[in-house]
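Spelled out from the first residue to the last, the chains are:
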Amino acid sequence: MRAGHVRRGALAGLAASLALTVGGCAPSGEVSVRDYVDQAIAGLDEGLYADSPEWDVAVAEALPDLYSAKNIPGTYRLLSSLTKVAGGAHSFFSTPADVAAWEQPYPPGHVPVPTVSYDGPVATVVVPGFSSAHQDEADLYLEAAAEIFTSERARSTCGWVVDVSANTGGDLRVMLVALSPLLDDGVVEVFRERDGSTTDVVVRANAVSWGDEVWGELPAEPTKLPNRPIGIVQSGATASAGESVIIAFTGQEAVKTFGSATAGFTTVNDGFELPDGAAVTLSFAVMGDREGNFHEGPLTPGREVTHGDGSSQSVAREWAAGQCPDS
């Protein structure tokens, strides 16, 4: 599932790695179609774009057909359409079957985790997308990152390439915690809600927090690798949480992006469940960088890499190596 998820309020934390809580739902037979629709609309009213005239018109046009649906599954199509109006392209409606599929763990041995390779003075860390309902899988992701960044090889490496070119999204909290050794301490990202209010994502050592909510910390002795040149590799497949990684590094000294424009899912999602086990993933904020620039749409690279230039990763690696003192 493409995401960029965080969770607001008392439900925060890495124990639920997407903004969907799907347990303890009442059977759909206990709720009438009208009540079900009213609950859905009330939740969708919190969407990033649900204060617009387009939202009011869409709801007014859809309600007669929604209320007259013969059963709750008969509302799914229109509720899915309304989800896009309320939250934008990054928002989506999940049927109970979709939610059940997402709850399944990765096959044994197939949890995506960060990996590293070394070429002379430069290390390349590939940061894959990650979405899971299971804390033990999030732990594996963070343990892999901790193993990379606490190694002697990492400490002696001059430059880094962070490759999110195949990162289609997921849990941005896990990814930012994983990369905390390379992020400067302080505000690294800002989220702006539709009323204009903002909250900061802050890195302190290897812990990441959002407002007063701690998102997590690397399971290792604190380690920071400051003052390294960092090349970020991106592509049109980079989306959501992958784009959040790019934004978190934006404005940090000696960082440059390479590749092509990203997918443009630069909003932050929350979610709510419905009585039959369906769920809505809904954008509530726009991602902004530490310098206060908010990004709605694709992120363009500092250097566009074309086919004739070689791979974006190799170009970024060459640039990072060139920033090293002994180059």
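Along each chain, residue indices are assigned from 1 in the same order as the chain's sequence is written. Two thresholds apply to this predicted model, a pLDDT of at least 70 for residue-level local features and 80 or more for giving and counting side-chain atom pairs, whereas whole-chain, interface and lining totals are computed over all residues. Side-chain measures here rest on the full set of heavy atoms in the structure, leaving out hydrogens and waters.

Asks: Please explain the environment of Arg194 as it appears in this structure.
Replies: Along the chain, Arg194 falls in the loop between β5 (186-193) and β6 (198-204). Sequence separation between Arg194 and Leu48 is 146 residues, and the spatial gap between their C-alpha atoms is 5.5 Å. Here a polar contact is taken to be a pair of N or O atoms separated by no more than 3.5 Å, where protein atoms must pair a possible hydrogen donor with a possible acceptor and residues adjacent in sequence count only if both atoms sit in side chains. Of note is the side chain of Arg194, whose polar atom sits 2.6 Å from the backbone oxygen of Gly47. Segments assigned H or I by DSSP are reported as helices when at least four residues long, segments assigned E as strands when at least two residues long, and all are numbered from the N terminus.

Asks: Just to check I follow, could you spell out the sheet that holds strand β2 (residues 115-119) for this structure?
Replies: Backbone-to-backbone hydrogen bonds pair the strands of a sheet. The strands run either parallel or antiparallel. Strand order across the open sheet formed by six strands is β2-β3-β4-β9-β10-β13, with mixed pairing between neighbours. Only two strands of the sheet have a single neighbouring strand rather than two, namely β2 and β13 (303-304). The pairing criterion is simple: DSSP has to find at least two bridges between the two strands. Relative to strand β3 (residues 122-126), β2 is paired through five bridges, and the arrangement is antiparallel. If you follow Tyr118 over to β3, its bridge partner there is Ala123. The strands touched by helix α8 (residues 241-249) within the sheet are β4 (159-163), β9 (230-234) and β10 (255-259), with β9 carrying the most contacts at an inclination of about 155°. In what follows, residue pairs with any heavy atoms lying within 4.5 Å of each other are defined as contacts. A fitted line through C-alpha atoms serves as each axis, taken over the contacting stretch for helices, and the angle formed by two N-to-C directions is quoted from 0 to 180°.

Asks: Which parts of the structure should I look at to understand the packing of helix α1 (residues 33-44) against helix α3 (residues 76-87)?
Replies: Packed helices, taken two at a time, are described by the angle between their axes plus the distance between the axes. One way to put it is that α1 packs onto α3 with a least axis distance of 10 Å and a crossing angle of 15°. It follows from the interaxial angle that α1 and α3 lie roughly parallel. As for the relative orientation of α1 and α3, their crossing is right-handed in sense. On α3, the residues touching Tyr36, Ala40, Ile41 and Leu44 of α1 are Tyr76, Leu79, Leu82, Thr83 and Ala86. When residues are sorted by character, Ala, Val, Leu, Ile, Met, Phe, Trp, Tyr, Cys and Pro go into the nonpolar class, Asp, Glu, Lys and Arg into the charged class, and all the rest, Gly among them, into the polar class. Its residues assigned to classes, the contact of α1 with α3 shows eight nonpolar, one polar and no charged. Throughout, the term roughly parallel applies to angles under 35 degrees, roughly antiparallel to angles over 145, roughly perpendicular to angles from 65 to 115, and oblique to all others. Crossings are classed by handedness, with left-handed meaning an anticlockwise turn of the near helix from the far one by less than a right angle and right-handed meaning a clockwise turn.

Asks: Which parts of the structure should I look at to understand the packing of aromatic side chains?
Replies: Only rings of Phe, Tyr and Trp enter the pairing, Trp through its six-membered ring, and a pair is recorded when the two centres are within 6.5 Å. The plane angle decides the type: under 30 degrees is stacked, over 60 is edge-to-face, the rest tilted. Applying the stated criterion across every chain yields a total of nine aromatic pairs. Their ring planes at 45° and their centres at 5.3 Å tell us that Tyr76 and Phe93 sit as a pair that is tilted. On the criterion of sequence distance, the pair formed by Tyr76 in helix α3 and Phe93 in strand β1 (residues 92-94) is long-range, its members being 17 residues apart. Of the two residues, Tyr76 and Phe93, both sit in the buried class. Plain terms: the ring middles of Trp210 and Phe284 are 6.1 Å apart, the flat faces sit at 45° to each other, and that makes the pair tilted. With Trp210 in strand β7 (residues 207-210) and Phe284 in strand β12 (residues 279-289), this residue pair connects regions lying 74 residues apart in the sequence. By relative accessible area, Trp210 is classed as buried at 6%. Throughout this description, buried means an accessible area under 20% of the type-specific maximum (1.4 Å probe, protein chains only), exposed means over 50%, and partly exposed covers the range between. A relative accessible area of 3% means that Phe284 is categorised as buried.

Asks: Would you take a moment to explain the state of the cysteines for this structure?
Replies: Linking two cysteines covalently through their sulfur atoms gives a disulfide. Count a disulfide wherever a pair of cysteine sulfur atoms falls within 2.5 Å. Under the definition given, this model contains one disulfide. Across a sulfur-sulfur distance of 2.1 Å, Cys158 and Cys324 are joined as a disulfide pair. Taking the sign of the torsion about the S-S bond as the criterion, the disulfide between Cys158 and Cys324, at about -115°, is left-handed. Here Cys158 is found in the loop between α6 (152-155) and β4, whereas its partner Cys324 is found in the segment after α9 (312-322), with 166 residues between them in sequence.

Asks: Looking at this structure, how should I read unusual backbone geometry?
Replies: Glycine aside, residues mostly have negative phi, and peptide bonds are mostly found in the trans state. The phi dihedral of Asn227 falls on the positive side, at around 60°, and the residue is not glycine. Residue position: Asn227 is located in the loop between β8 (213-217) and β9. Even without a glycine there, the phi angle at Ala254 is positive, about 65°. Residue position: Ala254 is located in the loop between α8 and β10. For Ala254, a relative accessible area of 39% translates into the label partly exposed.

Asks: Can you walk me through the pairing of β5 in this structure?
Replies: Consecutive side chains of a regular strand alternate in pointing toward one face of the sheet and then the other. Across six bridges, the pairing between β5 and β6 is antiparallel. Bridge assignment links Gly186 to a residue of β6, and that residue is Val203. Remark: four residues form the turn of the hairpin made by β5 and β6, two consecutive strands paired antiparallel; Gly196 in that turn has positive phi of roughly 90°. Sheet topology places β5 next to β12; five bridges connect them, and they run antiparallel. Looking across to β12, one finds that Phe191 is bridged to Met287.

Any functional reading would require information beyond the geometric quantities listed.
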